[in-house]
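# A structural walkthrough
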Amino acid sequence: MTNLDLYAKAEHLLGIEEATEALYDLYRSELDSYSVKTLLDVGCGRGGFMKRMISDGVTCKGIDLSAVMADECKADGLDAECVDISKVDGKYDAIVAIFDVLNFLNEDELLKFLDEVALRLNDDGVFIADINTLYGFKDVAEGSMSSENEREFLVVDAIFEDDKLFTKFTLFEKCEDERYKKYQDTIVQYFHKLKIFEKPKSLKLFDKQTFSLYDTKDKTLLIFKKA
């Protein structure tokens, strides 16, 4: 199990579906302002947002670095791959990166990612992503929590320091022989100041909105257009 597969498993066990649905509603309402016929969902997860957009008549493709997530999408009949955005062909009217995708990239990776996004946008295309605010990292994400069901027990410990959130996931999964298998990994997320998004020459930060997902002003929505 890769660290991203473990993260995906943790999201499911922690029951964050309600927050995910709220983000889907926000993205969908923003995209209503644009003429979107094709969409690329980066970090597509289980494909929930693609399903919504497909129901609106939009042709969607999803990519995710978790093979588990990509396989779940394909099992639901969605067009999804476990690949990096640099391996994606074609151009799209809209590209989205929902639920902290940009926070998993350090500054160099982020700037390269934004350039790759621009290469895959049509001339009048739009890119929408969300990031955690400093408050979202320090006062919301930091701390410990646990969750369990009949076959799994998860413990999550998160510490924020030096503008990074270090989250340790420990999962115990019951095997067929009734013994438990332990999976453990640490994922790093990066706090990004808004000024970093003014650096790319290929994309222009068109709008930004700070909003509350779990707590007061813990997220910022970023809307870019091709420069």
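Thresholds, definitions, all that
- Position numbers for residues count from 1 along each chain, tracking the sequence in the order it is written.
- Only residues with pLDDT of at least 70 get local features here, since the model is predicted, and only at 80 or more are side-chain atom pairs given and counted; chain-wide, interface and lining totals rely on the full set of residues.
- Side-chain calculation: all heavy atoms of the structure are included, whereas hydrogens and water are not.
- Accessible area is worked out with a 1.4 Å probe on protein chains only. A residue is then buried under 20% of its type maximum, exposed over 50%, and partly exposed in between.
- Starting at the N terminus, helices and strands are each numbered in turn, a helix being any DSSP run of H or I of at least four residues and a strand any DSSP run of E of at least two.
- Between any two strands, at least two bridges found by DSSP are needed for them to pair.
- Starting at the helix axis, one direction is taken to each C-beta atom, and the arc is that of these directions.
- Inter-axis angles, ranging from 0 to 180 degrees, are taken between N-to-C directions of lines fitted to C-alpha atoms, where helices are fitted over the stretch in contact.
- Contacts were defined at the residue level, with two residues in contact if any of their heavy atoms lie within 4.5 Å.
- Residues forming no salt bridge and having over 30% relative accessible area are the ones grouped into patches, like charges within 9 Å of each other and nonpolar side chains (Val, Leu, Ile, Met, Phe, Trp, Tyr) within 5 Å.
- Reported accessibility uses the Shrake-Rupley method at a 1.4 Å probe radius. Residues are deemed covered only where the shown protein chains occlude them.
- The term salt bridge refers to a side-chain nitrogen of Lys or Arg lying within 4 Å of a carboxyl oxygen of Asp or Glu.
- Charge assignment in this entry is limited to Lys and Arg as positive and Asp and Glu as negative, and neither His nor the chain termini are counted.
- Note on charges: their place is set at NZ of Lys, CZ of Arg, CG of Asp or CD of Glu.

## A word on the pairing of strand β7 (residues 152-161)
Where burial is concerned, the two faces of β7 differ: the one with Glu152, Leu154, Val156, Ala158 and Phe160 is buried and the one with Phe153, Val155, Asp157, Ile159 and Glu161 is not. With antiparallel pairing between neighbouring strands as the criterion, strand β6 (residues 143-148) and β7 make up a hairpin whose turn holds 3 residues. Between β7 and strand β8 (residues 164-174), which pair antiparallel and follow one another directly, the connecting turn spans 2 residues, one of which, Asp162, has a positive phi of 55°.

## A few points about helix α4 (residues 67-75)
Inspection of α4 places Met69, Ala70 and Cys73 among the buried residues, and these make up the whole buried set. In an axial view of α4, the angular spread of the buried residues amounts to 100°, which keeps them on one side of the axis. Just beyond α4, the residue with positive phi is Gly77, at close to 85°.

## What about the sheet that holds β8?
Read across the sheet, 4 strands follow the order β6-β7-β8-β9 without closing on themselves; strand pairing throughout is antiparallel. Sheet topology places β6 and β9 (180-190) at the edges, where each strand pairs with a single neighbour. Looking at each pair of strands side by side, their axes are set apart by 15° on average, direction ignored. Sheet strands in contact with helix α6 (residues 134-141) are β6, β7, β8 and β9, and its direction is about 130° off that of β7.

## Observations concerning a negative patch on the surface
On the surface, Asp139, Glu142, Glu161, Asp162, Asp163 and Asp215 cluster together into a negatively charged patch. Within the secondary structure, Glu142 is located in the loop between α6 and β6.

## Concerning unusual backbone geometry
A positive phi angle, near 70°, is found at Phe99, a position not held by glycine. By secondary structure assignment, the location of Phe99 is in the loop between β4 (92-97) and α5 (107-119). Phe99 sits in the buried class, given a relative accessible area of 11%. In this structure, Asp100 is a non-glycine residue whose phi angle is positive, near 70°. For Asp100, the location among the structural elements is in the loop between β4 and α5. Judged by its relative accessible area of 6%, Asp100 falls in the buried class.

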